[in-house]
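Remarks on the overall topology
If you want the building blocks of each chain, they are given just below.
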Amino acid sequence: MICRPSDNNPAPRRWCLLLFIAALSLCVSAAAGRAYAAPRAVVKEIRHWSNPSYTRVVISLDRKAAYAPHLLKKDPKINKPWRRLYIDIKGARLGPGIHRAIHIDDGLLKKARAGQYDRDTVRVVLDTESIEDYKIFPLSDPFRIVIDVTGGKGALPAAGRASTAKKPVPSTEGASLREQLGLKVRTIVIDAGHGGRDPGAVGKRGLKEKTVTLKIARMLKARLKKDLDAKIILTRKTDVYIPLEERTAIANSRDADLFISIHINSSPRRAASGVETYILNISNNDEAKRVAARENATSTRSASDLEYILSDLIKTVNNNDSARLAESVHGRLVSSLKSRYSKIRSNGVKGAPFYVLVGTKMPSILVEASFISNPREERRLRDQRYLRTVVDGIAEGVIRYIKQINDQGVV
Ligand SMILES: [Zn+2]
């Protein structure tokens, strides 16, 4: 309808005015509705992994939201024998189909409950039985809040040496070297990077990082089994997607003594080549930050934010054991490759904020075993003999590290 004001006929002018007011009010109410609905983040899922001394709870949201943890002491008025840890997530609502009560009952946490506390606040309550400490931190892309709870009974050890110290160590008299080493390090978790819908880096000729890491992880398991009387656990045995925080949770909840995450590097510079080994740390190196951002599937900005948020957590972690493991594995990996191949480059042991290493309770490293973006190394990574040489180097480094702590009587 076109309104043409006419002095001769005032009726259309009134119509126009009425229509204009109606349209304006519709626009205002629509805008107000959008403004009200848009900022609320949706709590989509709550997952957990646990054992009697450790539980990781992960709250997944569809966007970033502010949160605040609160630890309540046991309230005598509430006739229940547990304390409560609750997290208020601001500007959030519960998504449809979310499980509001998750029974955990691992001796540490009884259950996790999620509720809409008020219109803008989702409250997640963890009913605990023997909580000793907890850590909470965010991961991004997608946004999630990770809560690591450690318990009083058989509290989680700070490092592998402590975890083995609490276990009764039988006499090693008459035991083979293989058995002796297995007594010092009983469980090793090997993490094959990426998988499923996450291919990792892809080479110019189509080789996928996820395929190579799985091959290396499987071969490394078999190789370590030969030399160590230890349990070797793979975070994935097939081509499946596993979130980074779940990989860490597997290692912690299985009481692993060592954690080794296997990756293949990639760079926009095709000439970039060689191997490098990482531990969790703050990084001053742009290249290391770039590697961490790629492996975290996030931006370098998010990696820097994580460094800032985790700086206290990272600083307090006892990284000495991880650094010794990294030096040992890196040294043997480089010498193993150099003994059989030319143009092998060592890029050294470095620190960077890798999500998959955050919160690990045992010596933990991430190995970038060659560059898939380098044509020569992509070709080599297709060759079983090259992978065997990589695996031999990593395995020798792990065994040398265990022998070192054995000889020094650390455990
Ligand atoms: Zn990777």
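Described in the following lines is the structure provided in the data block. Fair warning: this is a prediction, and the values are worked out from it, not measured in the lab.

Take the sheet that holds strand S5 (residues 92–94) next. In space, the 5 strands of this open sheet follow the order S5-S1-S2-S10-S9, with mixed pairing throughout. Both outer strands of the open sheet, S5 and strand S9 (131–139), are each paired with one neighbouring strand and no more. Strand-to-strand twist of the sheet, defined as the mean angle between neighbouring strand axes without regard to direction, takes the value 30°. Bridge analysis of strand S2 (residues 54–61) against strand S10 (residues 144–151) gives 7 bridges, and the strand direction is antiparallel. When the sheet's bridge partners are listed, Arg 56 is paired in S10 with Asp 148. Most of the contacts of helix H5 (residues 244–253) go to strand S1 (residues 41–51), to which it runs at about 25°, and overall it touches S1, S2, S9 and S10.

What the second largest pocket holds in volume is close to 450 Å³. Considering the residues around the second largest pocket, the lining is formed by 24 residues, among which Asp 141, Pro 142, Arg 144, Tyr 241 and Pro 243 are closest to the centre. If you list the elements that add at least two residues to the lining of the second largest pocket, you get S1, S2, H5 and helix H6 (286–295). Among the residues making up the lining of the second largest pocket, the classes are represented as 9 nonpolar, 4 polar and 11 charged.

A full pass over the atoms with the stated rule returns 24 salt bridges. Notably, a salt bridge pairs Arg 84 with Asp 127, separated by 3.4 Å at the nearest N-O pair. One end of the pair, Arg 84, is in strand S4 (residues 83–90); the other, Asp 127, is in strand S8 (residues 121–128), with 43 residues separating them in the sequence. For Arg 84, a relative accessible area of 24% translates into the label partly exposed. For the salt bridge of Arg 223 with Asp 227, the shortest nitrogen-to-oxygen distance reads 2.4 Å. Of the two residues, Arg 223 and Asp 227 are both situated in helix H4 (residues 209–227); the distance of 4 residues between them amounts to about one turn of the helix. Among the charged side chains, a network of salt bridges with common partners joins Arg 223, Asp 227, Arg 332, Asp 392 and Glu 396.

To continue, consider the coordination of the zinc ion. The protein atoms that coordinate the zinc ion are His 194 (NE2), Glu 209 (OE), His 263 (ND1), Glu 295 (OE) and Glu 295 (OE), at distances of 2.0 to 2.4 Å. Each donor residue of the zinc ion belongs to the same chain, with the gaps between them written as H-x14-E-x53-H-x31-E. On the criterion of sequence distance, the pair formed by His 194 in the loop between strand S11 (187–192) and H4 and Glu 209 in helix H4 is long-range, its members being 15 residues apart. For the pair His 194 and Glu 209, a shared accessibility class is recorded, and that class is buried.

It is worth spelling out the packing of aromatic side chains at this point. What the rule picks out here adds up to 2 aromatic pairs. When the ring of Tyr 278 is compared with that of Phe 354, the centres are 4.9 Å apart and the planes differ by 65°; the resulting orientation is edge-to-face. You can see Tyr 278 sitting in strand S14 (residues 275–280) and its partner Phe 354 sitting in the loop between strand S15 (346–352) and strand S16 (364–371), a full 76 residues away along the chain. Judged by its relative accessible area of 0%, Phe 354 is buried.

Parameters at a glance
- Residues numbered from 1 in each chain as written.
- Predicted model: local features only at pLDDT ≥ 70, side-chain atom pairs only at ≥ 80, totals over all residues.
- Heavy atoms only, no water.
- Pairing = 2+ DSSP bridges.
- Helix = DSSP H or I, 4+ residues; strand = E, 2+ residues; numbered from the N terminus.
- Axes fitted to C-alpha atoms, helices over the stretch in contact; angles between N-to-C directions.
- Contact = heavy atoms within 4.5 Å.
- 1 Å grid on protein atoms, 1.4 Å probe; cavity = no way out; pocket = protein on both sides within 12 Å on 5 of 7 lines; lining within 4 Å.
- Points joined across faces, edges and corners; volume = space filled by probe spheres on them.
- Nonpolar A, V, L, I, M, F, W, Y, C, P; charged D, E, K, R; others polar.
- Salt bridge = Lys/Arg side-chain N within 4 Å of Asp/Glu carboxyl O.
- Buried < 20%, exposed > 50% of the residue type's maximum accessible area, 1.4 Å probe, protein only.
- Donors = N, O, S within 2.8 Å, 3.2 Å for Na, K, Ca; no water.
- Phe/Tyr/Trp six-rings, centres within 6.5 Å; stacked < 30°, edge-to-face > 60°.

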